[in-house]
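So you can see what is in the structure, the chains are spelled out below.
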Amino acid sequence: MGENIMILSIVVSLLTVTVLLWFLRKTPESERQEKLAAEEKKSAEVEAEAKAETEVAKVTEEKKPSAVEVKEPTISFADRLKKGLSRSRNEIWGKVAGLFRSGINADTLEQVEELLYSADLGPQMTQELIDALEAEVKKGEISEEKFKEFLFQFLNSKMQSVQETVRPELLKFNKTTHQGTKVIMIVGVNGAGKTTTIGKLATKLRQDGASVVVGACDTFRAAAVDQLQVWCDRAGATMIRAKEGANPTGVAYDALQHALNEKADYCILDTAGRLHTKENLMDELKKTKSVLTKLDPVAPHETLLVIDAITGQNALRQADEFHKTLTLSGLIFTKCDGSSKAGSAVGIVKALQVPIVYIGVGESAEDLDHFVLEDYLKALLDF
């Protein structure tokens, strides 16, 4: 009996020691596991919180307008024109007007004459202006503002009657009054801005709701054709092109045929740049114009010459030769923002009796718009 009690005591003692040892061995491990579990739980909570913040940020970002959606303030073409003519205004016409701040005398009139010649108005126009100014001076003292008013009236009188001959359908497409396919033939020397001008014109007509077919007849310059293709793609205009070196007259014929088949509102024909001094090249343009009459007896309805303001009076010589060969119906005056000779437009219109239809003062489509005489003179003279 005593032995049994002793054995039982030993067993209990061993079990107690075993349990104690087990607790002593497991407790640090348990604490470590609990600590890891706590850290994992905290990490999961942080991750969930971060994810929630990301989702909120994403939603907020989606609500923000994108860079494309943000519209810049619209600039009117009158403001674009004033900015574009700043060089002509500051270097020529502003200086002319400034001479009248301290009174007028013989020396002042001589300086005015020199500045007018540098403006490339042309000898005849300059002399007419000087004669008119001298007659005005005899009437009494002329202030700077009075001189500006005198200039405005003088220049306006030389252009107004010619400018009134521009046909409305060239300025804006009107679906209710428009009839048939109007053919516009664009000509000019290389470098005048002919290709980009055609692209801008096609864009404007498309914005008015017109259907437009463009004939890429400058087949000698692949780069020009590719450039025109980009403009047409952007505008949604159809372009007819041929392989490099193809007959330009044939391309013009195909373009008009396509436009007539599709009942397009306009068919704009680009042409290879021509030096006005090369008779054979000018004859080819004449041939192209003649071929179009086989499809439409009155085509082209408009023949527009693109002239570069930088060339000044040389532009008049170009225009004169093109006019003799093709009988121009209008002019497109480009690159006025890069020249001090934008005033030469007055002399060109007066000499040819051909109106300016469009004027360009920059690279974008918005920088080309129809020529408004009053806006042009105000921008030129800083009214």
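Refer to the preceding data block for the structure.
It should be emphasised that the depicted structure is a prediction, and the values quoted were computed from it without experimental measurement.

Asker: Where do I start with helix 11 (residues 313-326) in this structure?
Answerer: The α-helix winds at 3.6 residues per turn, so residues separated by three or four positions along the chain end up facing the same way. Counted at 1.5 Å a residue, the expected span for helix 11 with its 14 residues is 20 Å, and the 20 Å between its end C-alpha atoms agrees. For helix 11, the complete set of buried residues consists of Gln-313, Ala-315, Leu-316, Gln-318, Ala-319, Phe-322 and Leu-326. Following helix 11 by one or two positions, Thr-327 has its phi on the positive side, about 60°.

Asker: Would you explain the environment of Lys-82 in this entry?
Answerer: The residue Lys-82 is located in helix 2 (residues 77-84) in this model. Classification of Lys-82 by relative accessible area gives partly exposed; the value is 33%. Spatially, the C-alpha atom of Lys-82 lies 9.3 Å from that of Asp-337, the residues being 255 residues apart in sequence. Excluding its chain neighbours within four sequence positions, the residues that come into contact with Lys-82 are Arg-89, Ala-379, Asp-382 and Phe-383.

Asker: Help me understand the side chain of Lys-194, please; the structure alone is not making it clear to me.
Answerer: Relative to the helices and strands, Lys-194 is located in helix 7 (residues 194-207). The buried category is assigned to Lys-194, whose relative accessible area is 4%. Looking at Lys-194, its side chain comes within polar contact range of the main-chain oxygen of Thr-271, at 2.4 Å.

Asker: Whenever I open this one, the packing of aromatic side chains confuses me. Can you help?
Answerer: Aromatic ring pairs are defined here through the distance separating the ring centres and the angle between the ring planes. By the definition in use, this model includes four aromatic pairs. With centroids separated by 6.1 Å and ring planes inclined at 70°, the aromatic side chains of Phe-173 and Tyr-266 adopt a geometry described as edge-to-face. Here Phe-173, found in the loop between helix 6 (144-163) and strand 1 (182-187), pairs with Tyr-266, found in strand 4 (residues 266-269); they are 93 residues apart in sequence, far enough to count as distant. You'll find Phe-173 and Tyr-266 in the same group, each marked buried. Taken together, the ring pairs connect Phe-147, Phe-150 and Phe-154 into an aromatic cluster.

Asker: Teacher, can you tell me more about the nonpolar core here?
Answerer: The tendency in soluble globular proteins is for nonpolar side chains to be buried as a group. Membership of the largest hydrophobic core comes to 90 residues, with the highest contact counts inside it found for Trp-93 and Tyr-376. Per-element accounting of this core gives the leading share, eight residues, to helix 6. With sequence-adjacent residues up to four places away left out, Tyr-376 is seen in contact with Leu-81, Leu-85, Met-159, Ala-342, Gly-343, Ala-345, Val-346, Ile-359 and Phe-371.

Asker: What is the right way to look at the environment of Glu-113 in this model?
Answerer: When you line up the elements, Glu-113 lands in helix 4 (residues 106-118). Judged by relative accessible area, which is 26%, Glu-113 ranks as partly exposed. Contact partners of Glu-113, with chain neighbours within four places excluded, come to Thr-126, Gln-127 and Ile-130.

Asker: Got a minute to help me understand the pattern of salt bridges in this structure?
Answerer: Should their charged atoms come close, side chains of opposite charge can pair. Here the structure, examined in full by the defined rule, presents 14 salt bridges. In this structure, Asp-308 engages Lys-335 in a salt bridge whose closest nitrogen and oxygen atoms are separated by 3.7 Å. Taken as a pair, Asp-308 in strand 5 (residues 302-308) and Lys-335 in the loop between strand 6 (330-334) and helix 12 (344-352) lie far apart in primary sequence, 27 residues in all. Under the relative-accessibility criterion, Lys-335 is labelled partly exposed at 32%. The closest approach of N and O atoms between Lys-324 and Asp-320, which form a salt bridge, is 3.5 Å. Of this pair, Lys-324 and Asp-320 both sit in helix 11, separated by four residues, roughly a single helical turn. By relative accessible area, which is 60% here, Lys-324 ends up exposed. Each of Asp-320, Glu-321 and Lys-324 takes part in one network of salt bridges that share partners.

What counts as what
- Residue positions within a chain follow its written sequence, with the count starting from 1.
- In keeping with the predicted nature of the model, local features appear solely for residues at pLDDT of at least 70, side-chain atom pairs appear and are counted solely at 80 or more, and the whole-chain, interface and lining totals rest on all residues.
- With hydrogens and water set aside, each side-chain value is computed from the structure's full complement of heavy atoms.
- A run of H or I in DSSP counts as a helix once it spans at least four residues, and a run of E counts as a strand once it spans at least two, with each numbered from the N terminus.
- Here the expected span of a helix is defined as 1.5 Å times the quantity of residues minus one.
- Think of it in three bands: with a 1.4 Å probe and only protein chains considered, a residue is buried below 20% of the maximum accessible area for its type, exposed above 50%, and partly exposed in between.
- It only takes one pair of heavy atoms within 4.5 Å for two residues to be counted as in contact.
- The definition of a polar contact used here is a pair of N or O atoms within 3.5 Å, where within protein one atom must be able to donate a hydrogen and the other to accept one, and adjacent residues in sequence count solely through side-chain atom pairs.
- Whether two aromatic rings pair depends on their centres lying within 6.5 Å, for rings of Phe, Tyr and Trp, where Trp uses its six-membered ring; planes under 30 degrees apart make the pair stacked, over 60 edge-to-face, and the rest tilted.
- As used here, the term nonpolar core means buried Ala, Val, Leu, Ile, Met, Phe, Trp, Tyr and Cys residues forming a set that is joined through side-chain atoms within 4.5 Å.
- For salt bridges, the criterion is a side-chain nitrogen of Lys or Arg within 4 Å of an Asp or Glu carboxyl oxygen.

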